[in-house]
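# Summary of the model geometry
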Amino acid sequence: MEYKVTTPLSDEFIEKLHAGDRLLISGIIYTGRDAAHKRLVALVDKGEPLPIDVKGQIIYFVGPTPAKPGEVIGSAGPTTSGRMDAYSPKLLDLGLKGMIGKGSRNDAVKEALKRNKAVYLGATGGAGALLSQRITAAKVVAYEDLGPEAIRELEVKDFPVVVINDMYGGDLYVEGRKQYERGVDS
Amino acid sequence: MRELDVARITEAVAKLAVEACTYLGDDMVDFFKKAAEREESETGRDILGQLLENAKLARDTNMPLCQDTGLAVVFLEIGQDVHLVGGDLETAVDEGVRKGYGEGYLRKSAVADPIGARVNTGDNTPAMLHTRIVPGDKVKVIVAPKGGGAENMSAIGMLKPSQGIQGAVDFIVDTVSKAGPNPCPPIIVGVGLGGTFEKAAYMAKHSLLRKVGSTNPEPRLAALEDEIEKRCNALGIGPAGLGGITSVIDVFIEELPAHIASMPVAVNIQCHSARHKEAVL
């Protein structure tokens, strides 16, 4: 299935999604990768408020190249999501509804998607120039000192992703690979 | 003896870093086109189409192909009849990285104190520099930005000689299998066989400079490359890991004799943003 959706994401919408569905996302999404996640989760552990409200939101695992004069943002494709596995469940438990990245997630994240009604979405890795065209505005909203790893608020228009992990335990990486795996005569 | 000012090396490193991050080689563009024709998965064909479009867009708009513009891996082949003047060579190379990544609006991805504070060095230095002294009076400068996602999926095995060819091939294919969708497939598999621990890793990295589609001049290694490629493409990983028959772009092997007790096998994985540019000074 293909859906057009505007953030924030509702439970009703997420219930419709299955691994392999394609989405075109519009609205506000937030960026964050290793260093920002480490700080966010340190705040969660101390019971302190976060610099962004993650409820219903999507975090895009990306550290863009610097924007040239006149550009909204530089190249902006997804980074490998597995490095955020240690942090994501705590943010999902706070109401985060979606994550965009590339590469496999661990069982703890998949369990957190199930119990919180959330999804993990894949964008095409290495297509940073192409994906940046779907970003219409960008501003740093936290941790400016982290440079490329700062948290940015992005405004996106029809940002293309595919559902990798849905809230029912579906995993597109596992299912897609199984379909094309074959024996080799040796 | 020919004199060469290291300022020229600075300029070359800066220029090549920007070019490498922006202009994908024709060998890779040709590969995407051919792979899109034979890929069985519709999603896979779509991804390969996106990668072609991305390469064209990057070239037309001078935007980096990928936001991960890597650590700056630099290879220098220095002719033994060249006298380098005007300053210290390593400083000159780092200055080239600083200039290229700064003026070229490339991402600075280097952090100091890697297991602790991880503070960004701010200018993507230091370069990961490899120098070789070769005959002649020229200096060849190769800049090969290397992203973290694929580098993280690389591995080295200090295997037992009794494991033989089968053991080595299994280790390589297993490394690709475990990497799965993480390193931005389709990938190039760089392999270093033999040597010592560090030489094996170096060969695996250096092999990635070869042209996609080229044949290993040593028939024994060419056959091995074909076998590994076939086995990797049967894993079903596919473009972006979403399933398909295009998991591997190419397999490149370099080899050295090993110690009688050792059988090192290094696997350096390169994402499809296979970037390297060179110049001869």
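Quick note: structure is the one above.
Residues numbered from 1 in each chain as written. Chains lettered and ligands numbered in written order. Predicted model: local features only at pLDDT ≥ 70, side-chain atom pairs only at ≥ 80, totals over all residues. Heavy atoms only, no water.

### What to know about the overall build of chain A
On a plain count of helices and strands, chain A comes out with 6 helices and 7 strands. Each helix and strand of chain A, placed in order from N terminus to C terminus, yields the pattern β-α-β-α-β-α-β-α-β-α-β-β-α. The C-alpha atoms of chain A give 16 Å as radius of gyration, which agrees with the globular expectation for 186 residues (16 Å, within 12%). Summarising its shape, the C-alpha atoms of chain A cover approximately 55 × 40 × 35 Å along the three principal directions. When burial is assessed residue by residue, chain A has 58% of its 186 residues classed as buried. Accessible surface, chain A as shown: approximately 7700 Å² in total, 49% of it carbon and sulfur. Once the 25 positive and 25 negative side-chain charges of chain A are each reduced to a mean point, those two points are 2 Å apart. (Helix = DSSP H or I, 4+ residues; strand = E, 2+ residues; numbered from the N terminus. Rg over C-alpha atoms; globule rule 2.2 N^0.38 Å. Buried < 20%, exposed > 50% of the residue type's maximum accessible area, 1.4 Å probe, protein only. Areas by Shrake-Rupley, 256 points an atom, 1.4 Å probe, with all protein chains shown as cover. Lys, Arg positive; Asp, Glu negative; His and termini not counted. Charge placed at Lys NZ, Arg CZ, Asp CG, Glu CD.)

### A closer look at the pattern of salt bridges
One pass over the full model with this rule turns up 32 salt bridges over all chains. The residue D171 of chain A makes a salt bridge to K110 of chain A at a minimum N-O spacing of 3.0 Å. Residue D171 of chain A is found in the loop between β7 (151-165) and α6 (172-180), and its partner K110 of chain A is found in helix α4 (residues 107-116); the two are separated by 61 residues along the sequence. Where E19 of chain B meets K15 of chain B, a salt bridge forms, and the shortest distance between an N and an O atom there is 3.2 Å. Of the two residues, E19 of chain B and K15 of chain B are both situated in helix α1 (residues 6-22); the distance of 4 residues between them amounts to about one turn of the helix. (Salt bridge = Lys/Arg side-chain N within 4 Å of Asp/Glu carboxyl O.)

### Things to note about the side chain of T31 of chain A
All names here are of chain A. Inspection of the secondary structure assignment puts T31 in strand β2 (residues 22-31). Of the polar contacts made by the side chain of T31, one reaches the backbone nitrogen of R152; its length is 2.8 Å. Beyond its immediate sequence surroundings of up to four residues, T31 is in contact with I59, Y60, V62, A150, I151, R152 and L154. (Polar contact = N/O pair within 3.5 Å; in protein donor to acceptor, adjacent residues only side chain to side chain. Contact = heavy atoms within 4.5 Å.)

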